[in-house]
Amino acid sequence: MSLYPPYPPFFGFAGVASAMVLSTVGTLFGTAKAGIGIAGLGTFKPELIMKSLIPIVMSGIITVYGLIVSVLISSALTPTFYPLVAGFIHLAAGLACGFTGLTAGYTISVVGDSCMCAYVYESKVFASIVLILIFAEVLGLYELIMALIMNSKVMGLEVC
């Protein structure tokens, strides 16, 4: 068996696709559900709409994390000297990034929807909403850090 079979780039590109697609789905879900909460808020107090767009912006950042990871993985892909273990590590990094982005997007969607409904009735909860959203966004930051650590392990592989 060869150290460089022809199929490891498939696993690397699967990691690229996983990072992009799953983190984008998390962003889409977060934007859609938080947008429903903001639309409900706008019918009662339209002056609070601009202030309540924070979940939408924070949800969009998750896609940027997935994009960064996918660019890092795809820049390490080479068609000739790309070992099988590098393909598996890149697949794991992409899946970890994607599923964590999906989870962060879901968390932002739940917080954005329910907290915007509470914000209509009590404006004192705004600081708490922002704090909860920051904790949800940290999940996305962990995805980026985790994928960077995995990608750095690929860069340090020794070629036989």
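Now for a description of the structure that goes with this document. Every value quoted in this text rests on a predicted model; they were computed, and no experiment measured them.

Procedures and definitions
Residues numbered from 1 in each chain as written. Predicted model: local features only at pLDDT ≥ 70, side-chain atom pairs only at ≥ 80, totals over all residues. Heavy atoms only, no water. Phe/Tyr/Trp six-rings, centres within 6.5 Å; stacked < 30°, edge-to-face > 60°. Helix = DSSP H or I, 4+ residues; strand = E, 2+ residues; numbered from the N terminus. Buried < 20%, exposed > 50% of the residue type's maximum accessible area, 1.4 Å probe, protein only. Lys NZ or Arg CZ within 6 Å of the ring centre and 35° of its normal. Contact = heavy atoms within 4.5 Å. Core = buried A, V, L, I, M, F, W, Y, C linked by side-chain atoms within 4.5 Å. Lys, Arg positive; Asp, Glu negative; His and termini not counted. Salt bridge = Lys/Arg side-chain N within 4 Å of Asp/Glu carboxyl O. Expected span 1.5 Å × (residues − 1). Axes fitted to C-alpha atoms, helices over the stretch in contact; angles between N-to-C directions. Parallel < 35°, antiparallel > 145°, perpendicular 65-115°, else oblique. Nonpolar A, V, L, I, M, F, W, Y, C, P; charged D, E, K, R; others polar.

With that settled, the discussion passes to the packing of aromatic side chains. Tallied over the full model, the rule gives 5 aromatic pairs. Relative to Phe 88, the ring of Phe 11 lies with its centre 4.8 Å away and its plane at 50°, an arrangement referred to as tilted. Pair noted here: Phe 11 is in helix H1 (residues 8-44) and Phe 88 is in helix H3 (residues 84-121), with a separation of 77 residues, a long-range link. An angle of 35° between the planes, with centres 5.3 Å apart, marks the rings of Tyr 119 and Phe 126 as tilted. Both residues of the pair, Tyr 119 and Phe 126, count as buried. An aromatic cluster of three or more residues is present, and its members are Tyr 7, Phe 10, Phe 11 and Phe 88. The ring of Phe 126 has Lys 51 lying over it, and the distance from NZ or CZ to the ring centre is 4.7 Å.

Considering the arrangement of structural elements, one finds Met 146 in helix H4 (residues 126-155). Note: C-alpha distance between Met 146 and Thr 27 (119 residues apart in sequence) is 19 Å. Among residues more than four places away in sequence, those in contact with Met 146 are Ala 96 and Thr 100.

The next thing to look at is the nonpolar core. Formed by 16 residues in total, the largest nonpolar core has its most connected members in Leu 41, Ile 108, Met 116, Tyr 119, Ile 129 and Leu 133. Put simply, the parts of the chain that give this core at least two residues each are H1, helix H2 (54-76), H3 and H4. No other element matches H3, which puts 7 residues into this core. Within the second largest apolar cluster, 13 residues are counted, among which are Tyr 65, Val 69, Tyr 82 and Ala 147.

Mapped onto the elements of the fold, Glu 137 is located in helix H4. Salt bridges are absent for the buried Glu 137, whose nearest opposite-charge side chain, Lys 33, sits at 17 Å. Not counting residues up to four positions away in its chain, the partners in contact with Glu 137 are Met 58, Ser 59, Ile 61, Ile 62, Tyr 65 and Ile 108.

Quick look at H2 now. In this model, H2 (23 residues) spans 34 Å end to end at C-alpha, consistent with the 33 Å of a helix rising 1.5 Å per residue. Among all positions of H2, only Pro 55, Met 58, Ser 59, Ile 62, Thr 63, Tyr 65, Gly 66, Val 69, Ser 70, Ile 73 and Ala 76 are buried. Of the surrounding secondary structure, the elements contacted by the buried residues of H2 are H1, H3 and H4.

Here the focus is the environment of Tyr 121. Within the secondary structure, Tyr 121 is located in helix H3. Tyr 121 gets classed as exposed once you look at its relative accessible area, which sits at 67%. Sequence separation between Tyr 121 and Phe 44 is 77 residues; the distance between their C-alpha atoms is 9.4 Å.

Take the packing of H2 against H4 next. Put simply, H2 and H4 touch, their axes get as near as 10 Å, and they point 0° apart. Put simply, H2 runs roughly parallel to H4. Grouping the constituent residues of the contact of H2 with H4 by class yields 19 nonpolar, 4 polar and 2 charged.

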